[in-house]
Amino acid sequence: MNNQASALTNNDLGERNPLDLFKNWLTVAEQSEPNDPSAMSLATVDPDGLPNVRVVLMRRYDERGIVFFTNFESAKGNELLASRKAAASFHWKSLRKAVRFRGLVEPVSEEEADEYFYTRPRGSQIASSASKQSRALSNRNQLEAEVAALSAQIGTGDIKRPPHWSGFRIMPLSVEFWSDGEFRLHDRVKYSRTALDQDWQMSRLYP
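The structure displayed is predicted, hence computed values, not measured ones.

Peer 1: How should helix α4 (residues 110-117) be read in this particular structure?
Peer 2: Within the sequence span of α4, burial applies to Glu 112, Ala 113, Tyr 116 and Phe 117. Seen end-on, α4 carries its buried residues on one side only, within an arc spanning 125 degrees. Opposite the buried face of α4, at more than 90 degrees from it, the exposed residues are Glu 110 and Glu 111. The elements touched by buried residues of α4 are β3 (60-62), β4 (65-71), α5 (122-130) and β7 (165-179).

This is the structure we're talking about:
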């Protein structure tokens with residue numbers, strides 16, 4: 001790989017808000033990644049301090065942060081509601097780039113949750129209502145039977161968003177951009193702030 005071609009340039013780093021640079025990278029990734037460019041590894045911590053990580057899909061973002069939706073009664077839902085902190089990582093193999101977020105977490109508004117829920121396929125809406133996410137399941141047949149029973153009960157009527165299904169917004173206190181370089185001379189640039197109402201500070205890091 002040509003190291004110079006992968007370097008983060010002054011034009012890249014001219015963005016005051018790292019979410020603007022993230023938007024630029026994601027836009028490129030959406031054209032090059034073969035599957036799920038919005039997939040991210042989400043890290044939380046359980047009540048015993050043991051970390052948990054899983055892959056979820058980021059569904060929207062703005063200057064406040066990145067948003068994903070989930071069952072609030074799941075393991076990650078309970079952990080996020082308890083700690084109000086999370087970390088997330090994107091890796092776009094086709095671009096040899098990655099972005100890391102660390103920050104505070106808040107539930108999205110009821111309006112945001114409703115708006116996204118009603119854009120989902122009907123089958124996904126039913127599954128979200130039927131699934132007792134993260135809890136023990138005796139076998140696959142049980143899940144399929146519960147989904148079928150709920151589908152029959154609802155019929156062709158509208159599906160109301162269940163109260164346990166909503167979203168979280170990660171509001172970053174740090175965002176790190178990584179770009180692959182030859183001989184491990186990678187580019188690493190970190191934006192950080194100590195509070196959400198403060199300006200971002202940018203620094204380069206050794207690879």
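Picking up after the structure, the text goes on.
Peer 1: Just to check I follow, could you spell out the packing of aromatic side chains for this structure?
Peer 2: Note on aromatic pairs: each is described by the distance of the centres and the angle between the planes. For the structure on display, the rule yields 15 aromatic pairs. Seen in terms of ring centroids, Phe 72 and Phe 168 are 4.4 Å apart; in terms of plane orientation they differ by 20 degrees. Their pairing is stacked. Residue Phe 72 is found in the loop between β4 and α3 (75-83), and its partner Phe 168 is found in strand β7; the two are separated by 96 residues along the sequence. Between Phe 177 and Tyr 191 the ring centres are 5.9 Å apart and the planes differ by 80 degrees, which places this aromatic pair in the edge-to-face class. Of the two residues, Phe 177 sits in strand β7 while Tyr 191 sits in strand β8 (residues 187-192), which places them 14 residues apart along the sequence. Taken as a pair, Phe 177 and Tyr 191 share a single burial class, namely buried. Across from the ring centre of Trp 25, 4.4 Å away, lies the NZ or CZ of Lys 97, which sits over that ring.

Peer 1: How should the pattern of salt bridges be read in this particular structure?
Peer 2: A side chain with one charge can pair with a side chain of the opposite charge if their charged atoms come near. Tallying each qualifying case throughout the model produces 12 salt bridges. Residue Glu 115 pairs with Arg 60 through a salt bridge whose shortest N-O separation is 3.6 Å. Of this pair, Glu 115 sits in helix α4 while Arg 60 sits in strand β3; the two residues are 55 residues apart in sequence, bridging distant segments of the chain. A relative accessible area of 22% places Arg 60 in the partly exposed class. Where Asp 187 meets Arg 204, a salt bridge forms, and the shortest distance between an N and an O atom there is 3.2 Å. Of this pair, Asp 187 sits in strand β8 while Arg 204 is found in strand β9 (residues 201-204), placing the two residues 17 residues apart along the sequence. Overall, Arg 204 belongs to the partly exposed group, its relative accessible area being 45%. Bridged by salt links that share partners, the residues Asp 62, Arg 64, Glu 106, Glu 112 and Arg 169 form one connected network.

Conventions we followed
Residues numbered from 1 in each chain as written. Predicted model: local features only at pLDDT ≥ 70, side-chain atom pairs only at ≥ 80, totals over all residues. Heavy atoms only, no water. Buried < 20%, exposed > 50% of the residue type's maximum accessible area, 1.4 Å probe, protein only. Helix = DSSP H or I, 4+ residues; strand = E, 2+ residues; numbered from the N terminus. Arc of directions from axis to C-beta. Contact = heavy atoms within 4.5 Å. Phe/Tyr/Trp six-rings, centres within 6.5 Å; stacked < 30°, edge-to-face > 60°. Lys NZ or Arg CZ within 6 Å of the ring centre and 35° of its normal. Salt bridge = Lys/Arg side-chain N within 4 Å of Asp/Glu carboxyl O.

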